[in-house]
Amino acid sequence: MYALLAESTSYEHFKEYLVQLLSPVYYNLGWLESSATNATQRFLRALIMGAACKFGLPDCVLKAQQLYLVEMTSLKTHNQIADDFQQLVYCTGIEAGGDAEWGFALRRFNGSTKAMERHRLLAALACTKNASILLKLLEESVSSPTISAVEMQLAISSVAKNPVGKTFTLSFVTNNWKRVNAKLSGSSYITRRLITDVTDCLSSEKELKQVVKRKSLNIIFIEFYSFTVFITFMNGSGIFK
(Lines give C-alpha, C1' and ligand atoms only; values in the text may rest on other atoms or scores of the structure.)
Protein backbone atom coordinates (compact mmCIF):
# COMPACT_ATOMS: atom_id res chain seq x y z
CA MET A 1 0.00 0.00 0.00
CA TYR A 2 2.82 2.41 0.90
CA ALA A 3 4.49 2.12 -2.51
CA LEU A 4 1.17 2.45 -4.33
CA LEU A 5 0.00 5.53 -2.46
CA ALA A 6 3.35 7.32 -2.33
CA GLU A 7 2.97 8.67 -5.86
CA SER A 8 -0.61 9.90 -5.45
CA THR A 9 -1.37 13.61 -5.12
CA SER A 10 -3.20 13.02 -1.85
CA TYR A 11 -0.40 11.06 -0.19
CA GLU A 12 0.74 13.89 2.10
CA HIS A 13 -2.82 14.34 3.38
CA PHE A 14 -3.05 10.60 3.91
CA LYS A 15 0.19 10.66 5.94
CA GLU A 16 -1.04 13.55 8.07
CA TYR A 17 -4.28 11.71 8.78
CA LEU A 18 -2.49 8.53 9.79
CA VAL A 19 -0.06 10.41 12.02
CA GLN A 20 -3.04 11.97 13.81
CA LEU A 21 -4.55 8.53 14.33
CA LEU A 22 -1.31 6.92 15.46
CA SER A 23 0.00 9.69 17.72
CA PRO A 24 -2.13 8.96 20.85
CA VAL A 25 -1.35 5.24 20.70
CA TYR A 26 2.33 5.88 19.95
CA TYR A 27 2.82 8.18 22.94
CA ASN A 28 0.85 5.83 25.17
CA LEU A 29 3.04 2.85 24.26
CA GLY A 30 6.40 4.60 24.25
CA TRP A 31 9.75 2.94 23.64
CA LEU A 32 10.09 1.16 26.98
CA GLU A 33 10.04 -2.61 26.61
CA SER A 34 7.98 -2.85 29.79
CA SER A 35 5.03 -1.21 28.00
CA ALA A 36 4.26 -4.57 26.38
CA THR A 37 3.92 -7.55 28.69
CA ASN A 38 3.19 -10.42 26.29
CA ALA A 39 3.98 -11.56 22.74
CA THR A 40 0.75 -10.18 21.25
CA GLN A 41 1.28 -6.76 22.78
CA ARG A 42 4.90 -6.68 21.62
CA PHE A 43 3.85 -7.60 18.09
CA LEU A 44 1.12 -4.95 17.96
CA ARG A 45 3.44 -2.33 19.46
CA ALA A 46 6.07 -3.07 16.82
CA LEU A 47 3.44 -2.63 14.08
CA ILE A 48 2.21 0.68 15.50
CA MET A 49 5.69 2.07 16.13
CA GLY A 50 6.81 0.96 12.69
CA ALA A 51 3.85 2.68 11.04
CA ALA A 52 4.44 5.83 13.09
CA CYS A 53 8.03 6.06 11.84
CA LYS A 54 7.12 5.08 8.29
CA PHE A 55 4.53 7.82 7.99
CA GLY A 56 6.80 10.41 9.53
CA LEU A 57 5.70 11.01 13.10
CA PRO A 58 8.57 13.38 14.10
CA ASP A 59 9.23 11.98 17.58
CA CYS A 60 9.35 8.42 16.26
CA VAL A 61 11.75 9.28 13.44
CA LEU A 62 14.03 11.25 15.78
CA LYS A 63 14.13 8.49 18.40
CA ALA A 64 14.86 5.83 15.78
CA GLN A 65 17.68 7.95 14.32
CA GLN A 66 19.17 8.42 17.77
CA LEU A 67 19.09 4.69 18.51
CA TYR A 68 20.66 3.93 15.13
CA LEU A 69 23.44 6.47 15.74
CA VAL A 70 24.17 4.92 19.14
CA GLU A 71 24.41 1.52 17.44
CA MET A 72 26.78 2.90 14.79
CA THR A 73 29.12 4.56 17.29
CA SER A 74 29.12 1.77 19.86
CA LEU A 75 32.31 -0.21 20.33
CA LYS A 76 30.25 -3.36 20.88
CA THR A 77 29.95 -5.69 17.89
CA HIS A 78 26.62 -7.25 18.88
CA ASN A 79 23.24 -5.62 18.36
CA GLN A 80 22.06 -3.52 21.29
CA ILE A 81 18.65 -2.58 19.90
CA ALA A 82 15.69 -4.46 21.37
CA ASP A 83 14.40 -7.17 19.01
CA ASP A 84 10.96 -5.53 18.75
CA PHE A 85 12.48 -2.28 17.49
CA GLN A 86 15.32 -3.50 15.27
CA GLN A 87 13.44 -3.44 11.96
CA LEU A 88 11.94 0.03 12.41
CA VAL A 89 15.20 1.50 13.77
CA TYR A 90 17.28 0.05 10.93
CA CYS A 91 14.83 1.15 8.25
CA THR A 92 14.24 4.63 9.65
CA GLY A 93 17.93 5.24 10.28
CA ILE A 94 18.80 4.28 6.71
CA GLU A 95 15.84 6.07 5.11
CA ALA A 96 16.61 9.32 6.92
CA GLY A 97 20.38 8.92 6.66
CA GLY A 98 22.99 8.71 3.93
CA ASP A 99 25.93 6.60 2.77
CA ALA A 100 27.36 6.16 6.28
CA GLU A 101 24.12 4.71 7.67
CA TRP A 102 23.69 2.38 4.69
CA GLY A 103 27.31 1.26 4.77
CA PHE A 104 27.10 0.42 8.46
CA ALA A 105 24.09 -1.83 7.90
CA LEU A 106 25.79 -3.51 4.94
CA ARG A 107 28.87 -4.30 7.03
CA ARG A 108 26.67 -5.62 9.84
CA PHE A 109 24.79 -7.77 7.30
CA ASN A 110 27.97 -9.19 5.78
CA GLY A 111 29.34 -10.02 9.21
CA SER A 112 26.20 -11.71 10.54
CA THR A 113 25.54 -15.44 10.50
CA LYS A 114 22.10 -15.21 12.14
CA ALA A 115 19.31 -15.64 9.59
CA MET A 116 16.80 -13.36 11.34
CA GLU A 117 19.30 -10.54 11.77
CA ARG A 118 20.44 -10.86 8.14
CA HIS A 119 16.84 -10.69 6.94
CA ARG A 120 16.11 -7.60 9.03
CA LEU A 121 19.24 -5.85 7.81
CA LEU A 122 18.62 -6.80 4.19
CA ALA A 123 15.08 -5.42 4.27
CA ALA A 124 16.38 -2.25 5.95
CA LEU A 125 19.05 -1.76 3.29
CA ALA A 126 16.20 -1.34 0.81
CA CYS A 127 14.75 1.59 2.79
CA THR A 128 17.22 4.10 1.35
CA LYS A 129 15.93 6.85 -0.96
CA ASN A 130 19.09 6.66 -3.08
CA ALA A 131 18.19 5.00 -6.41
CA SER A 132 21.79 4.13 -7.32
CA ILE A 133 22.26 2.33 -4.00
CA LEU A 134 19.03 0.41 -4.53
CA LEU A 135 20.29 -0.71 -7.95
CA LYS A 136 23.56 -1.77 -6.32
CA LEU A 137 21.59 -3.81 -3.78
CA LEU A 138 19.62 -5.53 -6.54
CA GLU A 139 22.81 -6.44 -8.39
CA GLU A 140 24.56 -7.68 -5.26
CA SER A 141 21.58 -9.82 -4.28
CA VAL A 142 21.81 -11.69 -7.58
CA SER A 143 25.58 -11.85 -8.10
CA SER A 144 26.91 -12.37 -4.58
CA PRO A 145 27.53 -16.03 -3.70
CA THR A 146 27.11 -15.23 0.01
CA ILE A 147 23.48 -14.15 -0.49
CA SER A 148 21.04 -17.07 -0.65
CA ALA A 149 18.03 -17.43 -2.96
CA VAL A 150 15.68 -16.56 -0.08
CA GLU A 151 17.74 -13.47 0.72
CA MET A 152 17.80 -12.45 -2.95
CA GLN A 153 14.00 -12.67 -3.08
CA LEU A 154 13.76 -10.60 0.11
CA ALA A 155 16.10 -7.93 -1.27
CA ILE A 156 14.27 -7.66 -4.60
CA SER A 157 10.85 -7.62 -2.93
CA SER A 158 11.98 -4.97 -0.44
CA VAL A 159 13.31 -2.69 -3.18
CA ALA A 160 10.06 -3.18 -5.12
CA LYS A 161 8.09 -1.99 -2.09
CA ASN A 162 10.18 1.19 -1.90
CA PRO A 163 8.51 3.98 -3.96
CA VAL A 164 11.95 4.99 -5.26
CA GLY A 165 12.77 1.53 -6.56
CA LYS A 166 9.48 -0.06 -7.57
CA THR A 167 9.64 0.81 -11.29
CA PHE A 168 13.25 -0.12 -12.01
CA THR A 169 12.93 -3.30 -9.94
CA LEU A 170 10.58 -4.65 -12.61
CA SER A 171 13.06 -3.73 -15.33
CA PHE A 172 15.93 -5.28 -13.39
CA VAL A 173 14.12 -8.58 -12.86
CA THR A 174 12.99 -8.90 -16.47
CA ASN A 175 16.39 -7.89 -17.89
CA ASN A 176 18.23 -10.29 -15.59
CA TRP A 177 15.69 -13.09 -15.41
CA LYS A 178 18.12 -15.83 -16.48
CA ARG A 179 20.45 -14.97 -13.60
CA VAL A 180 17.60 -14.55 -11.13
CA ASN A 181 15.98 -17.83 -12.20
CA ALA A 182 19.30 -19.68 -12.00
CA LYS A 183 19.73 -18.58 -8.40
CA LEU A 184 16.15 -19.55 -7.56
CA SER A 185 17.05 -23.11 -8.64
CA GLY A 186 13.48 -24.00 -9.52
CA SER A 187 11.93 -23.04 -6.18
CA SER A 188 8.29 -22.41 -7.09
CA TYR A 189 7.43 -20.88 -3.72
CA ILE A 190 10.22 -18.28 -3.79
CA THR A 191 9.51 -17.54 -7.47
CA ARG A 192 5.83 -16.93 -6.71
CA ARG A 193 6.70 -14.61 -3.82
CA LEU A 194 9.13 -12.63 -5.95
CA ILE A 195 6.71 -12.18 -8.87
CA THR A 196 3.84 -11.21 -6.59
CA ASP A 197 5.87 -8.63 -4.67
CA VAL A 198 7.38 -7.04 -7.78
CA THR A 199 4.07 -6.70 -9.62
CA ASP A 200 1.84 -5.83 -6.64
CA CYS A 201 3.54 -2.44 -6.37
CA LEU A 202 2.69 -1.36 -9.93
CA SER A 203 0.12 1.41 -10.04
CA SER A 204 0.35 3.44 -13.25
CA GLU A 205 -0.88 2.52 -16.73
CA LYS A 206 2.67 2.84 -18.02
CA GLU A 207 3.96 0.33 -15.50
CA LEU A 208 1.18 -2.14 -16.23
CA LYS A 209 1.85 -1.88 -19.97
CA GLN A 210 5.49 -2.61 -19.25
CA VAL A 211 4.48 -5.94 -17.74
CA VAL A 212 2.38 -6.85 -20.77
CA LYS A 213 5.12 -5.92 -23.23
CA ARG A 214 7.89 -7.80 -21.46
CA LYS A 215 8.04 -11.25 -23.00
CA SER A 216 10.35 -12.59 -20.34
CA LEU A 217 7.93 -11.60 -17.59
CA ASN A 218 5.08 -13.18 -19.50
CA ILE A 219 7.06 -16.40 -19.44
CA ILE A 220 7.44 -16.09 -15.69
CA PHE A 221 3.69 -15.74 -15.29
CA ILE A 222 3.09 -18.76 -17.53
CA GLU A 223 5.46 -20.83 -15.39
CA PHE A 224 3.77 -19.61 -12.22
CA TYR A 225 0.21 -20.29 -13.34
CA SER A 226 1.19 -23.64 -14.82
CA PHE A 227 2.42 -24.60 -11.39
CA THR A 228 -0.81 -23.34 -9.80
CA VAL A 229 -2.96 -25.35 -12.24
CA PHE A 230 -0.85 -28.43 -11.56
CA ILE A 231 -1.30 -28.14 -7.77
CA THR A 232 -5.05 -27.55 -8.20
CA PHE A 233 -5.32 -30.65 -10.37
CA MET A 234 -3.35 -32.76 -7.90
CA ASN A 235 -5.56 -31.61 -5.01
CA GLY A 236 -8.69 -32.35 -7.02
CA SER A 237 -7.49 -35.81 -7.97
CA GLY A 238 -7.17 -36.78 -4.34
CA ILE A 239 -3.46 -37.56 -4.57
CA PHE A 240 -2.65 -35.15 -1.72
CA LYS A 241 -5.53 -36.35 0.44
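I will try to describe carefully the structure that is included in this document.

## Looking at the overall build of the chain
- Looking only at helices and strands, the chain features 14 helices and 0 strands.
- Of the regular secondary structure in the chain, the N- to C-terminal order runs α-α-α-α-α-α-α-α-α-α-α-α-α-α.
- The buried share of the chain, taken over its 241 residues, is 43%.
- Long-range contacts, defined as pairs at least 24 residues apart, comprise 67% of the intrachain contacts of the chain with a sequence gap of at least 6.
- Carbon and sulfur atoms form 61% of the exposed surface of the chain, whose accessible area is close to 13200 Å².

## A closer look at a nonpolar patch on the surface
- Together, Phe43, Leu44 and Leu47 make up a nonpolar patch on the protein surface, roughly 310 Å² of accessible area in all.
- Summarising the element assignment, Phe43 is placed in helix 3 (residues 39-54).
- With a relative accessible area of 51%, Phe43 lands in the exposed category.

## Description of the environment of Cys60
- Relative to the helices and strands, Cys60 resides in helix 4 (residues 58-73).
- Residues contacting Cys60, with those up to four places away along its chain left out, are Tyr26, Trp31, Met49, Ala52 and Cys53.

## Regarding helix 7 (residues 115-125)
- Considered for burial, the residues of helix 7 that qualify are Glu117, Arg118, Leu121, Leu122, Ala123, Ala124 and Leu125.
- Buried residues belonging to helix 7 abut helix 5 (83-96), helix 6 (99-111), helix 8 (131-143) and helix 9 (149-160).

## Let's talk about the packing of helix 5 against helix 7
- Direction vectors running N to C along helix 5 and helix 7 enclose 25°, while the axes themselves pass 8 Å from each other. One finds that helix 5 runs roughly parallel with respect to helix 7. In the packing of helix 5 onto helix 7, the handedness of the crossing is right-handed. Residues Asp83, Gln86, Gln87, Tyr90, Cys91 and Ile94 of helix 5 pack against Glu117, Arg120, Leu121, Ala123, Ala124 and Leu125 of helix 7.
- Its residues assigned to classes, the contact of helix 5 with helix 7 comprises 7 nonpolar, 2 polar and 3 charged.

## Focus on the side chain of Gln86
- Position of Gln86 relative to the elements: it lies in helix 5.
- Residue Gln86 is classed as buried on the basis of its relative accessible area, which comes to 5%.
- A polar side-chain atom of Gln86 sits 3.0 Å from a polar atom in the side chain of Asp83.
- With sequence-adjacent residues up to four places away left out, Gln86 is seen in contact with Asn79, Ile81 and Arg120.

## Some details on the pattern of salt bridges
- What the rule picks out here adds up to 7 salt bridges.
- Its salt-bridge partner being Arg45, residue Asp84 comes within 3.0 Å of it at the nearest N-O pair. Note that Asp84 is positioned in helix 5 and Arg45 in helix 3, a separation of 39 residues in sequence.
- Arg118 is paired through a salt bridge with Glu151; the nearest N and O atoms lie 2.7 Å apart. A residue pair is termed long-range when its members are at least 10 positions apart, and Arg118 in helix 7 and Glu151 in helix 9 qualify at 33 residues. For the residue pair Arg118 and Glu151, the accessibility class agrees, reading buried in each case.
- Linked by salt bridges that have partners in common, Arg42, Arg45 and Asp84 make up one network.

Thresholds applied
Residues numbered from 1 in each chain as written. Predicted model: local features only at pLDDT ≥ 70, side-chain atom pairs only at ≥ 80, totals over all residues. Heavy atoms only, no water. Helix = DSSP H or I, 4+ residues; strand = E, 2+ residues; numbered from the N terminus. Buried < 20%, exposed > 50% of the residue type's maximum accessible area, 1.4 Å probe, protein only. Contact = heavy atoms within 4.5 Å. Areas by Shrake-Rupley, 256 points an atom, 1.4 Å probe, with all protein chains shown as cover. Patch = residues over 30% accessible without salt bridge, like charges linked within 9 Å, V, L, I, M, F, W, Y side chains within 5 Å. Salt bridge = Lys/Arg side-chain N within 4 Å of Asp/Glu carboxyl O. Axes fitted to C-alpha atoms, helices over the stretch in contact; angles between N-to-C directions. Parallel < 35°, antiparallel > 145°, perpendicular 65-115°, else oblique. Left-handed = near helix turned anticlockwise from the far one by under 90°. Nonpolar A, V, L, I, M, F, W, Y, C, P; charged D, E, K, R; others polar. Polar contact = N/O pair within 3.5 Å; in protein donor to acceptor, adjacent residues only side chain to side chain.

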